[in-house]
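Given next are the chains, with one letter for each unit.
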Amino acid sequence: MKINLKVWRQANTQSKGDFKDYTVNEVSEDMSFLEMFDVLNEELVRKGEEPVAFDHDCREGICGMCSMYINGRAHGPEQGTTTCQLHMRHFKDGETVVVEPWRAQAFPVLKDLVVDRSAFDRIIQSGGFISVNTGNAVDANSLPVPKHNAELSFDAAACIGCGACVAACKNASAMLFVSAKVSQLALLPQGQPERYNRVQAMVHQMDLEGFGNCTNTGACEAECPKEISISNIARMNRDFMVAKIAE
Amino acid sequence: MATVQGGLFRSSIGRKYFMALSGLFLCLFLVVHLAGNLQLFKDDGGKAFNMYTWFMTHNPLIKFISYANYAIILLHVIDGILLSKHNRKARPVKYYKVDQSKSSTWSSRNMGILGTIILIFLVIHMRSFWFEMHFGNVPVLEYDNDGVQYKDLFTVVDAAFGQLWYVLLYVISMFALAFHLYHGFQSGFQSLGINHPRYNALIKGVGTFAFAILIPALFAAMPLYFFLK
Ligand code: HEM
Ligand code: FES
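Source: prediction; values computed, not measured.

**What about the coordination of the iron atom of ligand 1?**
Residues and elements named next belong to chain B.
Phase 1 of the analysis: Coordination of the iron atom of ligand 1 by the protein is provided by His76 (NE2) and His180 (NE2), with metal-donor distances spanning 2.0 to 2.1 Å.
Phase 2 of the analysis: Geometry at the iron atom of ligand 1 is octahedral, judged from its 6 donor atoms and the angles of 87 to 180° they form at the metal. Separated by 104 residues along the polypeptide, His76 in helix α3 (residues 60-89) and His180 in helix α7 (residues 164-191) bring together distant segments of the chain. Residues His76 and His180 agree in their burial class; the two are buried.

So this is what it looks like as structure tokens:
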């Protein structure tokens, strides 16, 4: 099949980017979206042109690197998938596909489709951890965790930090990401000592980074490749309130 | 882990608490306001309605609540403007192609526009009735020789609702209110952290049937009733 692409090209953070049109011939419907970009890039290199820069690593939906805003949606048209898991059979022969980088004040474009997501790292550094003195690992079963909590915590921990929630949100809000990281620890016994400090520290850092606010549209949850629930946002809002009242 | 200081109103989530609390208070206000105004449908030449408005303007507790209500509307509007400005700044470069229709409702994406329509409505609405009642030249009358001079607001309402543009303004604004609350009612609970699989369907149901359908429909029925009478 043949795919027409309209791709955002930008040399670096300072320069003013623009769209460029490409046509990729001989695309197999079994290719992933990233493999289709590999084909395009090989051709660009052959022609002596600059290949399109895009982030990727695992190519199996677990690392969260492959940020692409495809035809107006984070990671393209399929639900619960990353860009590397998106196959070309979901597109029509001859279709024009618009590919843009994540757009957010807090995610500056580094080059073409690559954005700087270190804001997420700084949010984690501000409180997304537990403080323990290392020693021997304790026996797993010596610390009882209710099954329900273990499952909710695991669901939250499925977040791969890809930033699709920010990209999909009309306000470029990072609430789904932050709430998943807050919830994951708030639901486990190990997370309790720092629970209320953590939520305040992480929300504070999120605000400093310039992410938008939450209007509860639910777009983040709908576009999240790991289908993280916005009930995590409610939990974060609850914990934040408790923290402020207790202060 | 560092301790964080900072005013509640300066944090993103703190601002949402104010938005949710003020919005849900206004929802409660709508119920009371509607219950009172249903007197308009009584076929008694406006007696029940005029007695009700007399009560509403003379009871000190109601007076206090109504001033609190004005302050809360103001808080809701100012907070809404601050949030919208902040949100716009969070995405300085817009997408070329956006398709949010599959991931969120139209109402949820247009709360600011819907709120602005409601605000314009409120200004006109207050000018026509609140201002007239307090500072205008409303004729007075007596009922049952009880010695009370009742202002005849019913006649003012009757006259206003006889104008086509006024009726249209009401009906359009009630549509805006309906869509604002279709998202807003349930959103307010989520903002306050109230989200539980056992109650979510109930909250959504009340928001949809009571606040997005029944209440706006009954409010819109008032000018239509007078216009068609
Ligand atoms: C009777 C009148 C009104 C009622 C009952 C009402 C109710 C609500 C409720 C319950 C919410 C949800 C709060 C949340 O998400 O936590 C909301 C949100 C909102 N309201 Fe209103 N509202 C009213 C009037 C207005 C007016 C006059 C404006 C004018 C600017 C406005 C602007 C907004 C905005 C912008 C939001 C979304 C805020 C956000 O989540 O980012 N509303 N409203
Ligand atoms: S490349 Fe790792 S999730 Fe797509």
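**Here's the deal with a nonpolar patch on the surface**
Residues and elements named next belong to chain B.
Phase 1 of the analysis: There is a patch of nonpolar side chains on the surface, built from Ile113, Ile117, Leu164, Leu168, Ile172, Leu224, Phe227 and Leu228 and spanning about 750 Å² of accessible area.
Phase 2 of the analysis: When residues of the nonpolar patch are traced back to their parent elements, those giving at least two are α5 (111-135), α7 and α8 (200-228).
Phase 3 of the analysis: Residue placement: Ile113 occurs in helix α5.
Phase 4 of the analysis: For Ile113, a relative accessible area of 53% puts it in the exposed group.

**Things to note about the sheet that holds strand β3 (residues 69-70) of chain A**
The strands making up a sheet are joined through hydrogen bonds of the backbone, oriented either antiparallel or parallel.
Residue and element names in this part refer to chain A.
Phase 1 of the analysis: As summarised here, the arrangement of the 5 strands in space is β2-β1-β5-β3-β4, forming an open sheet in which the pairing is mixed. If you trace the sheet from one side to the other, it starts and ends with β2 (18-24) and β4 (73-74), each paired once.
Phase 2 of the analysis: Note that β3 and β4 share 2 bridges and pair antiparallel. Looking across to β4, one finds that Ile70 is bridged to Arg73.
Phase 3 of the analysis: Packing against the sheet, helix α1 (residues 33-46) makes contact with β1 (3-9), β2, β3 and β5 (96-100), and its axis sits at approximately 95° to β2.

**Some words on the domain arrangement of chain A**
It is common to give the size of an interface as the accessible area that goes away when the parts come together.
All names here are of chain A.
Phase 1 of the analysis: Segmenting chain A into domains produces domain 1 (3-100) and domain 2 (117-246).
Phase 2 of the analysis: Each partner contributes residues to the interface: domain 1 has 15 residues there, and domain 2 has 12 residues.
Phase 3 of the analysis: Together domain 1 and domain 2 conceal approximately 1,000 Å² of surface at their shared face, both sides included; 46% is due to carbon and sulfur atoms.
Phase 4 of the analysis: Together, Gly64, Ala74 and Gly80 form the three largest contributors to the area buried by domain 1 at its contact with domain 2, with a combined 37%.
Phase 5 of the analysis: Taken together, domain 1 and domain 2 are joined by 2 salt bridges.
Phase 6 of the analysis: Tallied by class, residues from the side of domain 1 that touches domain 2 come to 5 nonpolar, 8 polar and 2 charged.

Parameters and conventions
- Residues numbered from 1 in each chain as written.
- Chains lettered and ligands numbered in written order.
- Predicted model: local features only at pLDDT ≥ 70, side-chain atom pairs only at ≥ 80, totals over all residues.
- Heavy atoms only, no water.
- Donors = N, O, S within 2.8 Å, 3.2 Å for Na, K, Ca; no water.
- Tetrahedral: all angles 85-135°; square planar, octahedral: opposite > 155°, others 65-115°.
- Helix = DSSP H or I, 4+ residues; strand = E, 2+ residues; numbered from the N terminus.
- Buried < 20%, exposed > 50% of the residue type's maximum accessible area, 1.4 Å probe, protein only.
- Patch = residues over 30% accessible without salt bridge, like charges linked within 9 Å, V, L, I, M, F, W, Y side chains within 5 Å.
- Areas by Shrake-Rupley, 256 points an atom, 1.4 Å probe, with all protein chains shown as cover.
- Salt bridge = Lys/Arg side-chain N within 4 Å of Asp/Glu carboxyl O.
- Pairing = 2+ DSSP bridges.
- Contact = heavy atoms within 4.5 Å.
- Axes fitted to C-alpha atoms, helices over the stretch in contact; angles between N-to-C directions.
- Domains from an automatic or database assignment.
- Buried area = accessible area lost by both parts, 1.4 Å probe.
- Nonpolar A, V, L, I, M, F, W, Y, C, P; charged D, E, K, R; others polar.

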